[in-house]
Amino acid sequence: MARDKNSEDFIGPIRRLLVGVLVLALVGLFLVWRIDSPRVERLRAAAIDAVIPSFDWAMAPVTGAANLVSDFQSYQQLRAQNQDLRRELQQMRAWREAALQLEQENAKLLDLNNVSLDPKLTVVTGVVITDSGSPFRQSVLVNVGARDGILDGWPTMDAIGLVGRIAGVGQNSSRVMLLTDTSSRIPVTIQPSGQRAILAGDNSLNPPLEFLEDAALVRPGDRVVSSGDGGVFPADLLVGQVALGTDNRLRVRLAADYQRLEFLRVLRSQPHERIDDPGNLLAPEAEFFGPAAINPAAMSASELGDG
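Bear in mind that the values here come from a model prediction, so they are computed numbers and not experimental data.

### Quick notes on the sheet that holds strand β6 (residues 185–191)
Okay, so step 1: The strand order β8-β7-β6-β9-β10-β11 describes an open sheet built from six strands, whose pairing is antiparallel. Each edge of the open sheet is held by one strand with a lone partner, namely β8 (209–210) and β11 (250–254).
Okay, so step 2: As judged from the two bridges shared by strand β7 (residues 195–200) and β8, these two strands associate in the antiparallel manner. Residue Ile198 lies in a different strand from β8, and its bridge partner there is Glu210.

Below you can see the structure in the form of structure tokens.
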């Protein structure tokens with residue numbers, strides 16, 4: 001007990017002494033901090049430089065949170081910019097497709113203008129507005145008709161070769177029966193042999209040649225043009241090339257691009273006699289069977305009396 005009392009008697013004064021020293025130090029620091037002197041200012045700056053860096057660890061959470069907020073804002077800006085760029089890319093792709101289509105149309109129109117034809121032939125260019133092809137009929141519609149002076153039977157071409165003929169005229173549109181249609185029959189000439197034949201449509205892209213004069217003179221790769229026989233088509237219009245089919249029949253690989261018919265030229269062919277009354281083409285029956293056979297009106301009155 002005596003020892004504990006002695007320890008308290010010894011620690012008490014020391015504690016009071018330390019408290020007093022601390023108070024004096026704080027008062028002195030306050031006084032020094034308030035003194036307006038260059039030397040004291042340098043001292044204060046040196047103390048601040050020595051103490052402040054040691055508080056970086058305390059500011060780390062605040063600095064990290066600030067950086068996180070800044071990064072999130074940057075991410076939002078990047079996301080918005082990415083969305084804008086995606087929209088612009090989609091628009092650019094649409095414009096690119098439109099430019100490619102216009103370029104193709106321009107190339108086809110240039111090809112149409114570069115095809116050399118008989119100077120006597122004039123043309124009307126139309127756009128294919130619909131394809132009414134079917135397993136039993138091959139035809140397309142073009143946006144030129146009676147208002148443009150189109151007549152039935154006029155041939156049509158694309159940028160390269162013959163496509164078909166007009167088989168129906170409306171006021172603002174016309175139907176074109178393709179060479180591949182089963183109802184299509186046109187006379188052709190095979191060069192260089194000069195053999196004549198009939199190109200008969202069979203709903204395939206390579207219609208066969210029929211009624212060849214001498215098939216032995218025809219070779220695959222020979223040029224096929226319209227013959228002009230019968231006044232159906234003008235002569236020397238390119239049709240295609242001879243090819244040997246899988247059925248060993250001579251067929252024609254058509255020059256026209258039937259897979260991409262967009263523009264067609266209707267040729268104003270040479271004027272030909274129009275048939276308004278097909279019955280006038282038939283000769284009188286008396287020429288075949290005799291006047292007394294079935295034509296009583298041609299018999300004289302005496303002949304009728306004798307009968």
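### Remarks on the side chain of Asp158
Okay, so step 1: Within the secondary structure, Asp158 is located in the loop between β3 (155–157) and β4 (162–169).
Okay, so step 2: Polar contacts involving the side chain of Asp158 include one to the main-chain amide nitrogen of Ile160, which spans 2.8 Å.
Okay, so step 3: Polar contacts involving the side chain of Asp158 include one to the main-chain amide nitrogen of Gly161, which spans 2.9 Å.

### Brief notes about a nonpolar patch on the surface
Okay, so step 1: On the surface, a nonpolar cluster with roughly 460 Å² of combined accessible area is contributed by Val19, Val23, Val27, Phe30 and Leu31.
Okay, so step 2: Summarising the element assignment, Leu31 is placed in helix α1 (residues 2–34).

### Brief notes about the pairing of β4
Okay, so step 1: With three bridges connecting them, β3 and β4 associate as antiparallel partners. Each bridged residue has a counterpart across the sheet, and for Thr156 the counterpart in β4 is Gly164.
Okay, so step 2: As consecutive antiparallel partners, β3 and β4 are separated by four residues.
Okay, so step 3: As paired elements, β4 and strand β5 (residues 174–178) share four bridges and run antiparallel to each other. When the sheet's bridge partners are listed, Val169 is paired in β5 with Ser174.

### Remarks on the pairing of β7
Okay, so step 1: Across six bridges, the pairing between β6 and β7 is antiparallel. Across the sheet, Arg185 pairs through a bridge with Ala200, a residue of β7.
Okay, so step 2: What sits between β6 and β7 in their antiparallel hairpin is a turn of three residues, with Gly194 showing a positive phi close to 80°.

### A short note on the pattern of salt bridges
Okay, so step 1: Under the criterion given, the structure shown has six salt bridges.
Okay, so step 2: Note that Asp148 is salt-bridged to Arg147, the shortest N-O span being 3.6 Å.
Okay, so step 3: A relative accessible area of 52% places Arg147 in the exposed class.
Okay, so step 4: A salt bridge links Arg249 to Glu210; the shortest N-O distance between them is 3.8 Å. Residue Arg249 is located in the loop between β10 (238–244) and β11, and its partner Glu210 is located in strand β8; the two are separated by 39 residues in the primary sequence.
Okay, so step 5: Note on Glu210: relative accessible area 23%, which makes it partly exposed.
Okay, so step 6: By sharing partners, the salt bridges in this structure join Asp202, Asp247 and Arg251 into a single network.

Cut-offs and rules
- Residues numbered from 1 in each chain as written.
- Predicted model: local features only at pLDDT ≥ 70, side-chain atom pairs only at ≥ 80, totals over all residues.
- Heavy atoms only, no water.
- Pairing = 2+ DSSP bridges.
- Helix = DSSP H or I, 4+ residues; strand = E, 2+ residues; numbered from the N terminus.
- Polar contact = N/O pair within 3.5 Å; in protein donor to acceptor, adjacent residues only side chain to side chain.
- Patch = residues over 30% accessible without salt bridge, like charges linked within 9 Å, V, L, I, M, F, W, Y side chains within 5 Å.
- Areas by Shrake-Rupley, 256 points an atom, 1.4 Å probe, with all protein chains shown as cover.
- Salt bridge = Lys/Arg side-chain N within 4 Å of Asp/Glu carboxyl O.
- Buried < 20%, exposed > 50% of the residue type's maximum accessible area, 1.4 Å probe, protein only.

Spatial relationships are all this shows, so hold off on functional conclusions.
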